[in-house]
Amino acid sequence: ICRQQQKHEEGVGYLVKAKAIDLASSKTFSVPPSTDLLAELASMYALAGKNAEAIREYDDLALYPGREISALQEMARLCDLVNDVDRARNAYRRAALRSKDPVAQLLQVGTLYRKRQQFSKEVEEYRALLEKYPKDPRVYSALASTYELLQQDEKAADTYRAALALDPKAIGNPTLRGHLA
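A quick note: this is a predicted structure, and the numbers were derived from the prediction, not measured. (Residues numbered from 1 in each chain as written. Predicted model: local features only at pLDDT ≥ 70, side-chain atom pairs only at ≥ 80, totals over all residues. Heavy atoms only, no water.)

## Overview of the overall build of the chain
Item 1. A count of helical and extended segments in the chain gives 10 helices and 0 strands.
Item 2. Listing every helix and strand of the chain by position from the N terminus yields α-α-α-α-α-α-α-α-α-α.
Item 3. Each principal axis of the C-alpha atoms in the chain carries an extent, and together these give about 65 × 30 × 25 Å.
Item 4. Relative to its full complement of 181 residues, the chain shows a buried share of 41%.
Item 5. Taking contacts inside the chain between residues at least 6 apart in sequence as the whole, the part at least 24 apart equals 42%. (Helix = DSSP H or I, 4+ residues; strand = E, 2+ residues; numbered from the N terminus. Buried < 20%, exposed > 50% of the residue type's maximum accessible area, 1.4 Å probe, protein only. Contact = heavy atoms within 4.5 Å.)

## Some remarks on the packing of helix H4 (residues 68–81) against helix H5 (residues 85–98)
Item 1. Where H4 contacts H5, the axes come no closer than 8 Å and their chain directions differ by 165°. Between H4 and H5, the crossing angle belongs to the class labelled roughly antiparallel. As for the relative orientation of H4 and H5, their crossing is left-handed in sense. Within the contact between the two elements, H4 uses Glu-68, Ile-69, Leu-72, Met-75, Ala-76, Arg-77, Cys-79 and Asp-80 and H5 uses Arg-87, Ala-88, Ala-91, Tyr-92, Arg-94, Ala-95 and Arg-98.
Item 2. Residue composition of the contact of H4 with H5, grouped by class: 9 nonpolar, no polar and 6 charged. (Axes fitted to C-alpha atoms, helices over the stretch in contact; angles between N-to-C directions. Parallel < 35°, antiparallel > 145°, perpendicular 65-115°, else oblique. Left-handed = near helix turned anticlockwise from the far one by under 90°. Nonpolar A, V, L, I, M, F, W, Y, C, P; charged D, E, K, R; others polar.)

## Notes on the nonpolar core
Item 1. Ranked by internal contacts, the top residues of the largest apolar core, which has 28 residues, are Tyr-58, Leu-61, Leu-72 and Met-75.
Item 2. Those elements that place two or more of their residues in this core are helix H1 (8–29), helix H2 (35–47), helix H3 (51–61), H4, H5 and helix H6 (102–115).
Item 3. With 7 residues, H2 is the single largest residue contributor to this core.
Item 4. Leaving out residues up to four positions away in the same chain, Leu-61 has contacts with Thr-35, Leu-38, Ala-39, Arg-67 and Ala-71.
Item 5. Counting residues in hydrophobic clusters, the runner-up holds 17 residues, among them Leu-106, Leu-107, Leu-129 and Tyr-160. (Core = buried A, V, L, I, M, F, W, Y, C linked by side-chain atoms within 4.5 Å.)

## Describing helix H7 (residues 119–132)
Item 1. Across its 14 residues, H7 extends 20 Å between first and last C-alpha, which sits within 8% of the 20 Å expected from 1.5 Å per residue.
Item 2. Every buried residue of H7 is listed here: Glu-122, Val-123, Glu-125, Tyr-126, Leu-129 and Leu-130. For H7, the arc enclosing every buried residue in end-on projection is 160°, short of the 170-degree limit, so these residues lie on one face. When the buried face of H7 is taken as reference, the exposed residues oriented beyond 90 degrees from it are Ser-120, Glu-124, Glu-131 and Lys-132.
Item 3. The secondary structure elements touched by the buried residues of H7 are H5, H6 and helix H8 (137–149). (Expected span 1.5 Å × (residues − 1). Arc of directions from axis to C-beta.)

## Quick look at the environment of Asn-83
Item 1. With respect to the helices and strands, the residue Asn-83 is situated in the loop between H4 and H5.
Item 2. The class for Asn-83 is exposed, based on a relative accessible area of 57%.
Item 3. C-alpha separation for the pair Asn-83 and Ala-128, spaced 45 residues apart in sequence, amounts to 23 Å.

## Digging into unusual backbone geometry
Item 1. In the Ramachandran plot, Ser-30 falls in the positive-phi region, its phi being about 55° despite a non-glycine side chain.
Item 2. Relative to the helices and strands, Ser-30 resides in the loop between H1 and H2.
Item 3. In this structure Ser-30 comes out as exposed when scored by relative accessible area, which is 66%.

Structure below.
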């Protein structure tokens, strides 16, 4: 109800009390706390503009199986929002350790650098990913895109070609066609 009425501060208060009760119950009955409640509290903190508290709650929520990836992604998003690039990067890396598709998580680190126009760090990140995942065309495409932003067209074209060698379907990408024409 508090969410619908946009009374986020009030919602935080109710949820903090509910969390305390839930934690006490979980200790008494030796059961894990309600991860739905923890997720709702983290979300409500974020809606209330209390990003530090939301980040803390998402970090705690990431300890529970089944919630770790989404919690770490939200944590990374909020850390990015408050310009805490190191914590955002670490959250994406932690998510990658638990993900069935670690590359998708790790590519987000490059995006953090791109948003801040830290292109040399972005290139470093993608090159490191290529060493670890040399057969993933997404990494080549991300690196090529960065080279393109840096107006290093030769490197971009070579890197796009490497992506195509791994996945011929990538030619449907208009950016690739422009570089390889």
